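# Topology and contacts: notes
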Amino acid sequence: MTEAITEIFADLQTLKGYKKQCGMLLEKTLLVFDLFSTISTTDEQVVKCINGFIETSLSFCDTRNDKRIKGFLNWLYDVYSKNGPAEYYALRAIIKVVGLFPKYRLMGFSQVFQPKSLIYSRLNMDKVKKCDDYVLSILECIDMGINAPDNVTLSYRKTMTLKPILEFLIRLHNSSEFSTSRNPLITYYSLNLIRKLICDDSDGLKLYMAELLGISLGLMFFGNPIKEKKPLWIRNLQPLRYFNTLQDEVDMDAYHKIGVKIVTRKRNRGTRNKGVVHAMPESAAIIDKPIEDKVTIIQVSQNHFHEFRHDVYQSNLNIKIRLTALSLLSDITKLADRYYLYSFWQSIFPSEMDDANARHDILLVCQTDTSSRCRCYALQVCADLFLNSRSLFSQAEYKYRSTAFVPYSQKLGLTILSAYKALTMLLEKEVPLPELIQALKCSAALVQVTPFDKFECSFVHNFVNAVGKLCSHNDLNVQVSAFTVLECLLMEPEMPLGLPESLGIFKQRLLTCEKYRQPVINCSVMKKVTVNGVYKTVQESENKNWDLESSWLVLKVFDNLKISHSLHNTRCQKLKTCNTLRIKSLHMLSALATHFELFLKNNLEEIAMILEDALSDSQLEIRLCGSKCLETCVHQMTAFLHNNDNTQNIDICTRFLISMLPVIINLIPREKETAVKITLCDTISSISGIVFENLVQSIRITLLSFLTGMSSDPTEEVIIRATAVRALSVFVTFPSMRIDLVFIENTAGLILRLAKDKNIAVRIKILWSMGNISDALLENSMDASNESISDEVLLNLIRYSTEACNDNDKVRCNAVRTVGNLLGLLSEDHIKNILDRTLIKLAITMLIDGIRSSGTSKVKWNACYAVKNMVNNENIFLCTNLYEGFNWRSSLYPTLCHVICNHSNYKVKINATTALIHISKRKYFGEYYEMIWNTVIRAIEQSYNLQNFYEYNHRDHFQEQLCLLICHVIKFAALHDYTMFSRILTGKLEVVQKTWIRVTTRMIPEKAAPLLSCSSNLDDLLKSDPTLTPEYTNAIKLFH
């Protein structure tokens, strides 16, 4: 035995003399392994031998198979299990061997982490060695075990018990007597291990959510001289009852099982040991001086130099710990169940900003951390949390309350207000540019999830003012980020309270806009702030021709997109803003168009100049953004005129379009980029019908001729031709063009040319256009004086739309709509023709399949809508009994009844009910009359089983249609039908009466006329025939 030990020491000395990657080095190492296996695991010299191996420098990585490696690993594990003094060295040796021979990673760590391994008993608080090196070795062993190669990870992780390891790591941070309070390296490594473990153990994450959040929230301030904390004791909050689906599955006894101690703040009773690396003290947070005050003068002395280097190392390690704690918080919020995480929300974000000493939230890190890296990363984590919590923030509100009780929604509202306050303070400070940009990104994320309509206070004033000043910042990226925040604010359909005034739109202007009449804040103060802050910069620009009554934001956007000329040279050159800022300014202009009346209506002349310049730019990105901005402006202009169609508004918008149409028509043929062409064609299709009717005839002819020529041009790309056809189909719905049968047939011919294209995007546009054509034809058919489309075109449209019913759902939803509209145009002559009758029968079958198929709800409700238009055509019913095989009611009526009772989407149920209401005569119901009555009574009873509260409006509309269907069925009832009615109503009369009363009291009198007159019609029926039998009389009286 002694000889073997002596030989081992000699061989270890020999190994130190070999060069790296030497073949003899590997062979000599394996011989040493073989010698180790001959020594008794309980020998007193084992510690010295293993330590000699650990201290021997070996830097190679080999993948060979050798039984000597396996024998050495088995011997080391026996030493670890049986030799107490040597277990630490054996663990270090296992780690080293596995590092040298990665192929044996599976074997080495499957032994260490097997279920009955000694390491789990060593992890217990009362048995583990209170030695930093031993703890670091355990952590390194765990780390190497977790980071195994992908091909062996699953096989040995199944043998690892992660729960005791996670409990051990939690103890490291929550114990006042363990190593983490003495060595920050243990804190750093254990945090990284926790991050890796929770990715593999979702059950452990849920079980120890409170402790893990406490660790991350506490260590976010590690080494921060402004505010330092130990891991916090986080209780599970009570708003769990606010989420009905959430169960509190955390085992509270688990806290006591793992020995977690509640940490309370105490006074610092001792002095700090300056020889120890900065760590979290046991009793209280020690506030250190900032690094800048510590290291003021670096003396030449070697001792002072080492002290300075030690402080730098300590500071960097503290920053790494804080960053890792933030990463742990980010991982927890991404991996945890969303609704379970919400129960801890008040611990992550504050509801009050006043008491900074009592706070330990992430916003405080953003405000007070001494490291810019930590502040930037904390802001990034905040942004991710905001964007991933839309469902939670949608329930937030803030109302002025006089009661002491504060609901959870109000607390969420206070959280949002606190976040705005913290971010406003950050934006007003002088901070590094990366941090400022990250703060603006975080602000944009917060704006996107804020339900402004639920806040009864104006809190955006200071926030917008701080962001607005950054729109004129010297750094380009800061300007772009600031515009992004304002863009998100303006994308809200309902403008937040106080935002118009913050953007420079004052009370006098708001009173002229009915949509934006709202309580305003102090305009005099706002004007002073605006002029001194941002407006002054715009006012001093070269171009002074802008409307000075406009918002400062509009003026700033115009200033970024302005066209100015330099006359210092002989040639006139355009001076333009950089492309990035121009693109963002065009996006900003699109966002301003959302509130067209407030920001753009009085500046359309300048906007036309800007967009013309953007569309003719040499940069593709500028042209594409300019075309999309133009499309948005025209679309919002159309929406504005829909409710504000007075002469002045129409004239303003018409002048703008007259100036832009020649630009569009001239640019499209010269443009090489397909996306720009498509967007410009979509701009034309967005023109309001009111404006189109006010254009002079020559402009309309030019526009229609241009689109027709482009649609039939074989040299153009098919997608561009389809987009042009789509624009023509929009014009078909305008009053002056709808009666032009030649134009309609010409457009239909262009549609049919592209109907079978292989590109699905083309087919979607074509079938949408075909649906518009059918809508226009159906509306024309209501006036008998209008001419009808030719039979050939009509049947071709039916044929192609029927074939499209087998296409993708995005195509089918328009195909079934077209089929139903066109079937409503059929005459008796069409049905008499055998070939036509075959096509019509197939079209009806495809329509029914659209309702019965497993497609999207949009296909189903469009199919039900189409059935309504089909059954309005009595020719369909008249020919049903005349021709054999033309009976489609046996399929359609049961399908509609099934949808009304069983489908989950209320829009589908409403359209199916409406289709039955449009059957005009009793004989058209046929033998399905009783089935329909039974269906409507069952549907009324089932309508109270509301699964989603947000659909209550659709449910109420559905009940209205059911009551109207009852009136419709009763209107056609014969005397003997009332006994059938009463039989089916038995047991369900009370719920029907309750629904009837509920509907009649809610509907306006004009719509409720059929319901109100139903009772009087029944009275007239009783009076008209005094010889009625008691059975019929009782059945009729049942409906009173």
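Rules used throughout
- Residues numbered from 1 in each chain as written.
- Predicted model: local features only at pLDDT ≥ 70, side-chain atom pairs only at ≥ 80, totals over all residues.
- Heavy atoms only, no water.
- Helix = DSSP H or I, 4+ residues; strand = E, 2+ residues; numbered from the N terminus.
- Polar contact = N/O pair within 3.5 Å; in protein donor to acceptor, adjacent residues only side chain to side chain.
- Phe/Tyr/Trp six-rings, centres within 6.5 Å; stacked < 30°, edge-to-face > 60°.
- Buried < 20%, exposed > 50% of the residue type's maximum accessible area, 1.4 Å probe, protein only.
- Lys NZ or Arg CZ within 6 Å of the ring centre and 35° of its normal.
- Salt bridge = Lys/Arg side-chain N within 4 Å of Asp/Glu carboxyl O.
- Expected span 1.5 Å × (residues − 1).
- Contact = heavy atoms within 4.5 Å.
- Axes fitted to C-alpha atoms, helices over the stretch in contact; angles between N-to-C directions.
- Parallel < 35°, antiparallel > 145°, perpendicular 65-115°, else oblique.
- Left-handed = near helix turned anticlockwise from the far one by under 90°.
- Nonpolar A, V, L, I, M, F, W, Y, C, P; charged D, E, K, R; others polar.

### Let's talk about the side chain of S343
Relative to the helices and strands, S343 resides in the loop between α17 (338-342) and α18 (345-348). At 2.6 Å, the side chain of S343 and the backbone oxygen of Y340 are in polar contact.

### Examining the packing of aromatic side chains
Applying the stated criterion to the full structure yields 26 aromatic pairs. A ring pair is formed by W345 and F349, whose centres lie 5.2 Å apart and whose planes are at 35 degrees; its orientation type is tilted. Across the pair, exposure class does not vary: W345 and F349 are buried alike. Ring centres 5.5 Å apart and planes at 45 degrees place the aromatic pair F731 and F734 in the tilted group. Take F734: its relative accessible area is 8%, and that puts it in the buried class. Grouped by ring-pair contacts, the aromatic residues F925, Y929, W933, F972, Y978 and F981 constitute a single cluster. The residue whose ring lies beneath K206 is Y340, and the NZ or CZ to ring-centre distance is 5.8 Å. Between R922 and the ring centre of Y929, over which it is positioned, the NZ or CZ distance is 3.7 Å.

### Quick notes on the pattern of salt bridges
Taken as a whole and assessed by the stated rule, the structure comprises 24 salt bridges. Taking the shortest distance from any N to any O, the salt bridge between R582 and D613 comes out at 3.5 Å. On the criterion of sequence distance, the pair formed by R582 in helix α30 (residues 579-592) and D613 in helix α32 (residues 604-615) is long-range, its members being 31 residues apart. The residue E941 makes a salt bridge to K988 at a minimum N-O spacing of 3.9 Å. Placement of E941 in helix α50 (residues 929-942) and of K988 in the loop between α52 (977-985) and α53 (989-1002) is noted, with a sequence separation of 47 residues between them. Taking the relative accessible area as the measure of exposure, E941 reaches 37% and is therefore partly exposed.

### Quick notes on helix α35 (residues 674-685)
In this model, α35 (12 residues) spans 17 Å end to end at C-alpha, consistent with the 16 Å of a helix rising 1.5 Å per residue. α35 sits mainly inside the fold: 11 of its 12 residues count as buried. Residues T674, V676, K677, I678, T679, L680, C681, D682, T683, I684 and S685 constitute the buried set of α35. Along its buried surface, α35 packs onto α32, α33 (620-643), α34 (647-670), α37 (697-711), α38 (718-732) and α41 (760-781).

### Concerning the packing of helix α22 (residues 408-428) against helix α23 (residues 433-449)
Viewed as axis vectors pointing N to C, α22 and α23 meet at an angle of 155 degrees, and their least axial separation amounts to 10 Å. On the basis of their axis angle, the class for α22 and α23 is roughly antiparallel. The crossing of α22 and α23 is left-handed. Facing I416, A419, Y420, L423, L426 and L427 of α22, the residues of α23 in contact are E435, L436, A439, L440, C442, S443, L446 and V447. Grouping the constituent residues of the contact of α22 with α23 by class yields 12 nonpolar, one polar and one charged.

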